[in-house]
Amino acid sequence: MRIARFSIDGNVAFGAVEGEGTVESGGLVLDIIKGIPYTDFELSGTKVPLSKVRLLPPVLPNKVVAIGRNYAEHAAELGNEVPEVPVAFFKPTTSVIGSGDAIEYPSFSNELHHEAELAVVIGRMCREVPRERVKDVIFGYTCANDVTARDAQQREKQWARAKGFDTSCPLGPWVETDLDPSDLAVQATVNGEQRQLGRTSDMIRSIEDLVVHITEAMTLLPGDVILTGTPAGVGPLNVGDEVAVTIEGIGTLTNKVIKRG
């Protein structure tokens, strides 16, 4: 099931996405959900064309835990070794935007990069999750773009500003709850030109590895998000560019880059 979060006439709700096609092509409708989707829920039967609503970030995470250098070719393209343990960092909630929202080019950077990633959405409060129970705590999966001010990342060493600035974490367009994430194509295009193409089967650490590693240290809450790393091919974004992240079995997350102002 595809679960979207949206606004219509000033109201915010969740809905199950039905039909075939893309956000832009039409043909998709939302069956509004009664309540929130992390617990047992019912579909209301009230349906709204997707074209009549504004898609919001599919979740509002308490925290986004991101993993760096989880694809060997990406680590190599930036001159880095594969880390001995997963490299984890945070992106704040203020960095989260939805599909169709604008990425604002930060004033402190002259080298903005896209990073297409599979995002894991947590469905229940969990800590110290054993490997065999990882699937039980996952709500679903969505597309993510770990937008990075590369020059600031290299200059400042700590990644808080480089990867945590406002609008640096596009998520969407919805959460797919019924998906095998083990071997999915992950693609990024800029103005229609392919920049990244990889597969989740190339991740160094699996989703199970990441959930176990993260929950050894912290409690994850419903709606929290784990970014699983990006394949090779990261590259520049400029004001006016349209960047799209497409993940097999999920859909396409699209954002335009604008000047912060």
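This one's a predicted model, so the numbers in the text were calculated from it and none came from an experiment.

The next subject is the overall build of the protein. Secondary structure assignment for the protein yields five helices and 20 strands. Against the compact-globule benchmark of 18 Å for 261 residues, the protein has a radius of gyration of 17 Å, which places it among compact chains. By principal-axis analysis of the C-alpha atoms, the protein measures approximately 55 × 45 × 30 Å. Counting the 261 residues in the protein, one finds 52% classified as buried. Looking at the protein alone, contacts between residues at least 24 apart form 70% of all its contacts between residues at least 6 apart. Carbon and sulfur atoms form 48% of the exposed surface of the protein, whose accessible area is close to 11600 Å².

Next up on the list: the sheet that holds strand E16 (residues 193–199). The sheet built from five strands is open, its strands ordered E9-E20-E19-E15-E16 with mixed pairing. The open sheet terminates on both sides in strands that have one partner only, identified here as strand E9 (102–105) and E16. Neighbour to neighbour, the strand axes of the sheet diverge by 20 degrees on average, direction disregarded.

Right, let's talk about the layout of surface pockets for a bit. The space that makes up the largest pocket amounts to roughly 280 Å³. If you trace the largest pocket, you find 18 residues lining it, with Tyr141, Asp180, Pro181, Ile207 and Glu208 closest to the centre. At the level of elements, helix H2 (134–137), strand E12 (138–145) and helix H5 (207–215) are the ones that each hand at least two residues to the lining of the largest pocket. Sorting elements by how many residues they give to the lining of the largest pocket places E12 first, with four residues. Taken together, the residues of the lining of the largest pocket break down into eight nonpolar, six polar and four charged. Here the second largest pocket defines a volume of roughly 240 Å³. Counting only elements with at least two residues in the lining of the second largest pocket, the list comes to strand E6 (64–68), helix H1 (72–77) and helix H3 (150–156).

A word on the sheet that holds strand E10 (residues 112–114). Taken together, the three strands give an open sheet; going across it, the order is E13-E10-E18, and neighbouring strands pair in antiparallel fashion. The two strands at the open ends of the sheet, each matched to only one other strand, are strand E13 (148–149) and strand E18 (235–237). As paired elements, E10 and E13 share two bridges and run antiparallel to each other. Each residue of the ladder has a partner; that of His113, found in E13, is Thr148.

It is worth spelling out the side chain of Thr215 at this point. Within the secondary structure layout, Thr215 lies in helix H5. Reaching out from Thr215, the side chain makes a polar contact with the backbone oxygen of Val211 at a distance of 2.8 Å.

General note: in soluble globular proteins, nonpolar side chains tend to be found buried as a group. Judged by nonpolar contacts, the single largest core of 39 residues is most densely connected at Ile207 and Ile247. If you list the elements that add at least two residues to this core, you get strand E1 (2–8), E6, strand E11 (116–122), H2, E12, strand E15 (185–190), H5 and strand E19 (242–247). The element best represented in this core is H5, accounting for five residues. Dropping the residues within four chain positions of it, Ile207 is found in contact with Leu118, Val120, Ile138, Tyr141, Pro181 and Thr228. Val96, Ala144, Leu171 and Val225 belong to the second largest nonpolar core, which has 19 residues in total.

Take the environment of Phe41 next. Along the polypeptide, Phe41 turns up in the loop between strand E3 (29–34) and strand E4 (42–49). Considering only alpha carbons, one finds Phe41 and Lys256, 215 residues apart in sequence, at a separation of 34 Å. The residues touching Phe41, leaving out its near neighbours within four places in the chain, are Met1, Ile3, Ile33, Lys34 and Ile36.

Turning next to the environment of Ala188. Positionally, Ala188 belongs in strand E15. For the pair Ala188 and Ile97, spaced 91 residues apart in the sequence, the C-alpha separation amounts to 17 Å. In contact with Ala188, not counting residues within four places along its chain, are His114, Ala116, Glu193, Gln194, Arg195, Gln196 and Ala244.

The next subject is the pattern of salt bridges. The final tally for this structure, using the stated rule, is 15 salt bridges. One salt bridge connects Glu115 with Arg150, and the closest N-O pair in it is separated by 2.7 Å. Taken as a pair, Glu115 in the loop between E10 and E11 and Arg150 in helix H3 lie far apart in primary sequence, 35 residues in all. The burial state of Glu115 is the same as that of Arg150; both residues are buried. It is possible to trace a salt-bridge network through shared partners that takes in Lys91, Glu115, Asp146, Arg150 and Lys163.

Procedures and definitions
- Residues numbered from 1 in each chain as written.
- Predicted model: local features only at pLDDT ≥ 70, side-chain atom pairs only at ≥ 80, totals over all residues.
- Heavy atoms only, no water.
- Helix = DSSP H or I, 4+ residues; strand = E, 2+ residues; numbered from the N terminus.
- Rg over C-alpha atoms; globule rule 2.2 N^0.38 Å.
- Buried < 20%, exposed > 50% of the residue type's maximum accessible area, 1.4 Å probe, protein only.
- Contact = heavy atoms within 4.5 Å.
- Areas by Shrake-Rupley, 256 points an atom, 1.4 Å probe, with all protein chains shown as cover.
- Pairing = 2+ DSSP bridges.
- Axes fitted to C-alpha atoms, helices over the stretch in contact; angles between N-to-C directions.
- 1 Å grid on protein atoms, 1.4 Å probe; cavity = no way out; pocket = protein on both sides within 12 Å on 5 of 7 lines; lining within 4 Å.
- Points joined across faces, edges and corners; volume = space filled by probe spheres on them.
- Nonpolar A, V, L, I, M, F, W, Y, C, P; charged D, E, K, R; others polar.
- Polar contact = N/O pair within 3.5 Å; in protein donor to acceptor, adjacent residues only side chain to side chain.
- Core = buried A, V, L, I, M, F, W, Y, C linked by side-chain atoms within 4.5 Å.
- Salt bridge = Lys/Arg side-chain N within 4 Å of Asp/Glu carboxyl O.

The quantities given are spatial measurements derived from coordinates; they are silent on function.
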